[in-house]
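Observations on the three-dimensional arrangement
So the chains spell out like this:
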Amino acid sequence: MAGAPERRFFFGRARRSARPGETLLDALARGGWPALQRSIRYHRPRGPFCGVGYCTGCLVRVNGRPNVRACRYVPTDGDRVATENSWPSPRFDVLGAIDFLFPHGIDTLHGFVRPRWATRAYHRVVRRLAGYGAAPEVGRTPPTPPPPPVRRTVDVAIVGGGVAGRAVAAHLAHGGAHPLVVDRALAPEPVAGGELLASTTVTFLPAPVGTGDHRFTLLGFEEPDRGVEVTARTVVLASGGYDAALLFGGNDRPGVVTADGAFALCGRDGRRPFRRAVVVGGGDRVGEVLDRFGDAVAAVVAPGGISPPVVRRASDEGIPLYPRSRIRSAAGRGRVRSLTLEPRGGGARFVLSCDAVVLAHRRLPTSQLLFQAGARMEWRGGPGAYYPVLAPSGETSVPGLYAVGDVAGILADANERAAERVAAAVLGAPASGEEPLPRVALEGPNELEGYYRELASLPRSGRWVACACEDVLLHEVEEAHARGYRGIEVIKRYTGVGTGLCQGRYCLPDALLVLSILEGRPAPEVGYITQRPPAVPTPLAAFAAMADSPTGPEGA
Amino acid sequence: MNGPTRSAYRVIVVGAGIVGLYTAYHLARAGAGPVLVVDRGFLSSGASGRNGGGVRQQWETRATVRLARESVAAYRRFGTEFGYNVWFRQSGYLFVAETEAELARLRGVHELVVSEGLPSEVLDAAAVARRVEGIAPGAVVGGTYLATDGTLYPFPAVWGLYEAVRALGVEVVLGVEVLGVEASAGRVAAVTTRSGRVEAPTVVNAAGGWSGELSGRAGLAVPNVATRHEIFATEPLKPFLDPMVVRASDGLYFSQTMRGEIVGGITLRDGAGVAGGMPSSPRFLREMSRALVRLVPRLGSVGVLRAWSGFYDDTPDGFPVIGEDPRCGGFVHANGFGGHGFMLAPAATLRVARAAMGEPIDLDPALVSPARFLSNDRPPSVERLQLG
């Protein structure tokens, strides 16, 4: 890549450039913290949050195409990039006044019914506020028809090209198989002994029962809109995990990012879009954050304890630690400027000044495809999330479907053994009655649940955003409960939590804990959310280009 | 374990969807006595939480047009009556035709609708293009448009009715399946549920996609068939499309919701029956995306956010089943709405409630009574506009 020319594009009227291999978000972050979006209901300022293509914080318009995730787009020469959903700009948006005018939120469930003669006017106004990007311009799209879809029929497909997926691929290649690795990364490294397909898998279906067909169908797309269809006899899911969100006042402010998001914003050249970050968490993930940009970390704050390696590491670098702390609110107009904390054991509230809050307190499994495939899932109380029920071989309840790595909840030091076992099973080795591998704790206590339980009885300040994509506030979830609605499926439909672009990845895990506390029953009884395809928003054009009679089964 | 608090009720309504809850509402308002609503799932888990929210008055038969017209009036006042905003936006239903023959059929609908005093219009291709900006040139020859049709949000309607019936003293038990219906001397006596036996002289079958199964369990077979239909929603966009668009040839329909999502589906004739569950299929994602992009090419780069499916409770003649079963006194049907329960419920359930109280109803029994399936006569009429 060295020596390749920079790509020049327009950002509004300004000329910008991207270095080879840089995403649009990367390129925009070089000019400081990118202000790209406003929230959908209250037009609160929003910035990049997740860094991995799920949230709404970096949606921009590229060449007339709406809702392009800047973190998932590699600019090409002459691109025209524009911001959307704000006027005149995301930094100064006139509609931002809504946030001040309605400090308790807007109740669209009960409000706007009187007077009846104003109905049409209400509809017009509310409709105009909704939506992210404008529809693609007439006549401009598609400038060229989408490329023909990619089709593969293989024996083994591995979904996810991270450490776990590659370990399985290596073992399979060693055993003489030629696996297909489907990876979401924009420019993934090649896989030795296997084929690599850069694609996001969005729909995953096991073979229909009773048809004698034992193949899986995976539909996906390669950015921006090339359809991908894979038929495989065996699928190994190694989709990994992601960093969770956290509930506190102002938790949606620009500058509050997940660790994934912070990594996406820090260039390979050592550039940092922040200098004094507060890192939230106390485990291994915090260690990874310190490895990458410890020089820009002002403090480590943990809702629970902080692990000895992180303590050692932080003291070496002189970074102050605040274990067992309650995060009350993030303040700052636009971007976050400070974080208000208090010790959980009692003591005075204090304020840390900062220019970013990096959430590294909790990794969650990227399990959407497992739910979609109908694999049996179980609640694991330690991390507080659903994981697949696994045989010692790594096979899920769906024959021919295996899971490894973070999505399976296998502990990091057992990953290599897990990969070996899965590969052996896929290659047809007879099961030898092995012991199950060490996985994340099945039984609680879940640290975060205890933390939220304490917070439930305390007064709150600032907006506690329960669902950032749909701008649903935490008190709306509590009100739905107070009105007698029970279970996460009903609360989702009542409040809109989990119905936005991230497909609930950043709101449902915490909503589940909060509801479990409110309803006074364990999280698995509060339920889980049916994962609906596609796992990631997929362009109509990619689906439209799929074959008429796909090689795989048709679903049910 | 939750369960009914009493051992006997005046009426048991099976199904807490829009039809069951609205029926309970009318019953409670009429002072019917103790009413129980029982549902196997959670609120809005069935078709009432899965439909596209369309409410139209363009139908091929006068009886349906009238029911729909009455329902439109009910949804207009829903907010003030129930305190929940269903965002019923009357921005029209636009039926589009690809051929002159289809347009001729739509003209027939238009004439009937106009004769009922509704402001339907016939549009040429250019007028259609003005209402659907970016429609592919030459894709349609024309269409019909009724400005007072519209779309709403289904969920708040369920919440509003749920709270209203409970305030009126109706008991709603969720997560309890009805296993059977007991009769004695040709009359309903009780239902058996997973949480016990409950007596009532009247049982209303408002079980939507499961109603055929329930009637069967009561020994009162009806030809209702549950058909799985799929639907999807895209990422929210700024408003660009006002009407609900329906294509007569293949049942493609789509509209843009208040939130900005394009919500739509297409008719695929495949697996019937509730046993298969409610999965989404690659075939639907492909066919729907293809049909939509061909009709409105500019939408190709828009992201599909989620797809889901639900059941239409279809009857052979396209009319719902409303009224007491002639084979068993007190067993009242409120089903067979063929995917249009939401749009017809307010008016249709007024009749259901009357039938449950043993009062006469003003619907032609030859069209809606379950008795029509018991004779060998040909149906007097068929409603074939079972789209969108």
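Residues numbered from 1 in each chain as written. Chains lettered and ligands numbered in written order. Predicted model: local features only at pLDDT ≥ 70, side-chain atom pairs only at ≥ 80, totals over all residues. Heavy atoms only, no water.

Residue and element names in this part refer to chain B. What the domain assignment reports for chain B is domain 1 (11-49 + 155-224 + 316-373) and domain 2 (89-150 + 225-314). For domain 1 versus domain 2, the distance between C-alpha centres works out to 29 Å. Facing the 15 residues of domain 1 at the interface are nine residues of domain 2. The tally of links from domain 1 across to domain 2 stands at zero salt bridges. (Domains from an automatic or database assignment. Contact = heavy atoms within 4.5 Å. Salt bridge = Lys/Arg side-chain N within 4 Å of Asp/Glu carboxyl O.)

Once that is clear, we can look at the interface of chain A and chain B. Interfaces are often sized by the accessible area lost when the parts come together. Counting residues at the interface gives 67 residues for chain A and 62 residues for chain B. Approximately 5,500 Å² of surface area, both sides summed, lies buried where chain A meets chain B, with 57% of it carried by carbon and sulfur atoms. At the junction of chain A with chain B, the criterion picks out four salt bridges. A salt bridge links E470(A) to R259(B), with the shortest nitrogen-to-oxygen separation between them at 3.2 Å. Our count for the chain A to chain B interface comes out at 36 residue pairs in polar contact (both at pLDDT 80 or more). When residues of the side of chain A that touches chain B are traced back to their parent elements, those giving at least two are β6 (65-69), α3 (119-129), β11 (200-205), α12 (488-495), β29 (538-539) and α15 (540-544) of chain A. The greatest single-element share of the side of chain A that touches chain B, amounting to eight residues, is contributed by α3(A). Strand direction decides the pairing type here: β29(A) and strand β17 (residues 303-314) of chain B, joined by two bridges, are antiparallel. Bridging across to β17(B), T538(A) finds its partner in V304(B). (Buried area = accessible area lost by both parts, 1.4 Å probe. Polar contact = N/O pair within 3.5 Å; in protein donor to acceptor, adjacent residues only side chain to side chain. Helix = DSSP H or I, 4+ residues; strand = E, 2+ residues; numbered from the N terminus. Pairing = 2+ DSSP bridges.)

A separate point is the domain arrangement of chain A. All names here are of chain A. Examined at the domain level, chain A breaks down into domain 1 (7-129), domain 2 (150-242 + 364-426) and domain 3 (247-361). Computed over C-alpha atoms only, the centres of domain 1 and domain 3 are separated by 25 Å. Carbon and sulfur atoms supply 57% of the area buried between domain 1 and domain 3, which totals about 1,600 Å² over both sides. Counting every contact that joins domain 1 to domain 3 gives four salt bridges. Inspection of the domain 1/domain 3 interface yields six residue pairs in polar contact (both at pLDDT 80 or more). Of all the secondary-structure elements, those providing two or more residues to the side of domain 1 that touches domain 3 are α1 (24-29) and β4 (45-46). Broken down by element, the residue count for the side of domain 1 that touches domain 3 peaks at three residues, all from α1. Along the lines of polarity and charge, the residues of the side of domain 1 that touches domain 3 split into nine nonpolar, three polar and six charged. (Nonpolar A, V, L, I, M, F, W, Y, C, P; charged D, E, K, R; others polar.)

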